[in-house]
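# Per-entry structural report
Chain residues, written in single-letter form:
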Amino acid sequence: MKPFRIAIIGDMHMQFDENDVRFFNGSEYDAILLVGDLSAKNPDSMFRLLPLLNQLTKPTYFIPGNHDTTGVRQLLGELMQNDFLIQFGADSQVSRMQKLKHELKNPVLCGYSQHALTGNVGLIAARPFSMGSTNGTVNFRPFLEKEYGVATLEQSRDKIKSLIDGVNPPYLVLAHHGPFGLGAKPTDMFGADFLPQETDFGDRDLTEAIAYAQSIHKPPVAVIAGHMHYPTKHGKKPKQWYLRRDGILYINAARWPRIFRHEARELHHHVRLILHGDATTEVEAVYVSEAQAFTTTDDRAILP
């Protein structure tokens, strides 16, 4: 297999423009993965990005994040674990999802789904709309139960496991939020930087599904997610955005802001993943400006 090049775009929150379309369409990438959170604070803002995303000519796959199609009341309900608020906004999420399915033309909408990328690389999309929690529940349960028949983390884990059973290696896992077990410090990949105590905020259903894949000798090449922004909220410290463990590469592409100015240049961030035929991988952060693109595996010096 010749090298397979993948662009991973982290949480956009409306930071994606014509320059991005021009760059990616003219690139050598074989596929583009969007980890979710197109929207900013207004849940309907994401629809302004769809015309741009529809112009992408590369095969593109998008898993919705916790800000995509979900309403302010729902988000507040999830943060407060208030079932009334979670239920109150469920109908609006259904209508926004219908609109998203109708208006999204090129990117493939993913979630509890299996896809075949070119180059004989498989893709499994895990639980959509995840925002992490420590109370053992799935986020936006009313919609997940209606759309996917998933109301618990156990059901979510089993749904991902069934996808693993049906995929042929090599394959990737695409999620919005990453797995539990990669560290609890604010600078760890999915450690919370917004709580007073150190907390691993990762998804346990994804962790258990990955452990299952390893137990049947069918691990993914990489697990790709976002959600937990870096640099951190306090102190603007970098997170560990990639990690290799037990033969699996873990990536958090949610560098925020995604577009920013540095040394008089406007830079647009994404992550490049290269899969080689001998099962080895390369990963690096890419910063694109009008003048040039440069790459790094250590972006501590490039802070907004």
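Everything discussed here concerns the structure shown above.
Residues numbered from 1 in each chain as written. Predicted model: local features only at pLDDT ≥ 70, side-chain atom pairs only at ≥ 80, totals over all residues. Heavy atoms only, no water.

### Side note on the overall build of the protein
The condition is simple: Put simply, DSSP marks the helices as runs of H or I at least four residues long and the strands as runs of E at least two long, and each gets a number from the N terminus on. Restricting the calculation to C-alpha atoms gives the radius of gyration, and the globule rule supplies 2.2 Å times the number of residues raised to the power 0.38. Three labels apply to residues, based on accessible area from a 1.4 Å probe with only protein chains included: buried if under 20% of the type maximum, exposed if over 50%, partly exposed otherwise in between. A contact between two residues is defined here by any heavy atoms of the two lying within 4.5 Å. Here the accessible surface of atoms and residues is derived via Shrake-Rupley with a 1.4 Å probe, and residues count as covered only by protein chains that are part of the display. In this tally, Asp and Glu contribute negative charge and Lys and Arg positive charge; neither His nor the terminal groups of the chain are included. Every charge is mapped to an atom, namely NZ of Lys, CZ of Arg, CG of Asp or CD of Glu.
Broken down by element type, the protein carries eight helices and 14 strands. In summary, the protein has a C-alpha radius of gyration of 18 Å against a globular reference of 19 Å for 304 residues, a match within 12%. Considering only C-alpha atoms, the protein reaches an extent of 50 × 45 × 40 Å along its principal axes. Expressed as a percentage of its 304 residues, the buried residues of the protein come to 57%. Residue pairs at least 24 apart in sequence account for 70% of intrachain contacts in the protein once pairs closer than 6 positions are excluded. When the accessible surface of the protein is summed, it comes to about 12900 Å², and 51% of that surface belongs to carbon and sulfur atoms. One finds the centroid of the 32 positive side-chain charges in the protein at a distance of 2 Å from the centroid of its 34 negative side-chain charges.

### Description of the packing of helix α5 (residues 90-103) against helix α6 (residues 141-148)
Packed helices, taken two at a time, are described by the angle between their axes plus the distance between the axes. Worth spelling out the cut-off: Whenever a helix is involved, its axis is fitted only over the stretch in contact; in every case the axis is a line through C-alpha atoms, and angles between N-to-C directions fall within 0 to 180 degrees. Between 65 and 115 degrees an angle is taken as roughly perpendicular, under 35 as roughly parallel, over 145 as roughly antiparallel, and anywhere else as oblique. The hand of a helix crossing depends on one turn: near helix anticlockwise from the far one by less than a right angle means left-handed, and clockwise means right-handed. Each residue receives one of three labels: charged for Asp, Glu, Lys and Arg, nonpolar for Ala, Val, Leu, Ile, Met, Phe, Trp, Tyr, Cys and Pro, and polar for the others, Gly being one of them.
Orientation of α5 relative to α6, taken along the N-to-C sense of each, is 50°, at an axis distance of 9 Å. Looking at the two axes, α5 sits oblique to α6. Regarding α5 and α6, the two cross each other, and that crossing is right-handed. Residues Ala90, Gln93, Val94, Met97 and Lys101 of α5 form the contact with α6, whose own contacting residues are Pro142, Phe143, Lys146 and Glu147. Taken together, the residues of the contact of α5 with α6 break down into five nonpolar, one polar and three charged.

### Comments concerning unusual backbone geometry
Each neighbour pair has its own omega, and for Pro169 with Pro170 the value is 0°, a cis peptide bond. Here the residue pair Trp256 and Pro257 is connected by a cis peptide bond, since its omega of 0° sits within 30 degrees of zero. Mapped onto the elements, Pro257 comes out in the loop between β10 (248-252) and β11 (259-262). The backbone phi angle of His13 is positive, close to 45°, even though this residue is not glycine. With respect to the secondary-structure elements, His13 resides in the loop between β1 (4-9) and α1 (18-25). A residue is classified by how much of its surface remains accessible, and His13, at 13% relative accessible area, is buried. One non-glycine residue with positive phi stands out, namely Met14, at about 80°. Here Met14 is to be found in the loop between β1 and α1.

### Regarding the environment of Phe180
On the secondary structure map, Phe180 appears in the loop between β7 (171-174) and α8 (204-215). Between the alpha carbons of Phe180 and Asp205 there is a distance of 8.4 Å; along the sequence they are 25 residues apart.

### Here's the deal with the pattern of salt bridges
What counts, and what does not: Put simply, a salt bridge is a Lys or Arg side-chain nitrogen that is within 4 Å of an Asp or Glu carboxyl oxygen.
In this structure the tally under the stated criterion is ten salt bridges. Of the charged contacts in the structure, one is a salt bridge between Asp205 and Arg127, with a shortest N-O distance of 2.8 Å. One end of the pair, Asp205, is in helix α8; the other, Arg127, is in the loop between β6 (121-125) and α6, with 78 residues separating them in the sequence. Under the relative-accessibility criterion, Arg127 is labelled buried at 4%. Connected through shared salt-bridge partners, Asp83, Arg141 and Glu145 make up one network.

### Things to note about the packing of aromatic side chains
Put simply, the test is: Note on aromatic contacts: the rings of Phe and Tyr and the six-membered ring of Trp form a pair at centre separations within 6.5 Å, being stacked when their planes are under 30 degrees apart, edge-to-face when over 60 apart, and tilted otherwise.
Summed over the entire model, instances satisfying the criterion amount to eight aromatic pairs. Aromatic pair Phe129 and Phe143: ring centres 5.5 Å apart, planes at 85°, arrangement edge-to-face. A residue pair is termed long-range when its members are at least 10 positions apart, and Phe129 in the loop between β6 and α6 and Phe143 in helix α6 qualify at 14 residues. Assigned by exposure class, Phe129 and Phe143 land together as buried. Ring geometry for Phe194 and Phe201: centres 5.2 Å apart, planes at 90°, overall edge-to-face. Residue classification places Phe194 among the partly exposed positions, given a relative accessible area of 36%.

### A few points about the pairing of strand β8 (residues 222-225)
We count it as follows: In this description, strands pair whenever DSSP reports at least two bridges between them. The path from the first strand over the helix to the second decides the hand: if it runs clockwise while the strands point away from the viewer, the crossover is right-handed.
Residues Ala222 and Ile224 point to one face of β8 and Val223 and Ala225 to the other, with burial holding for every one of them. Sheet analysis places β7 next to β8, joined by three bridges and oriented parallel. When the sheet's bridge partners are listed, Val173 is paired in β8 with Val223. A crossover links β7 with its parallel partner β8, the connecting element being α8, and its sense is right-handed. Strand direction decides the pairing type here: β8 and β10, joined by four bridges, are parallel.

As far as function goes, none of this settles anything; it's purely spatial.
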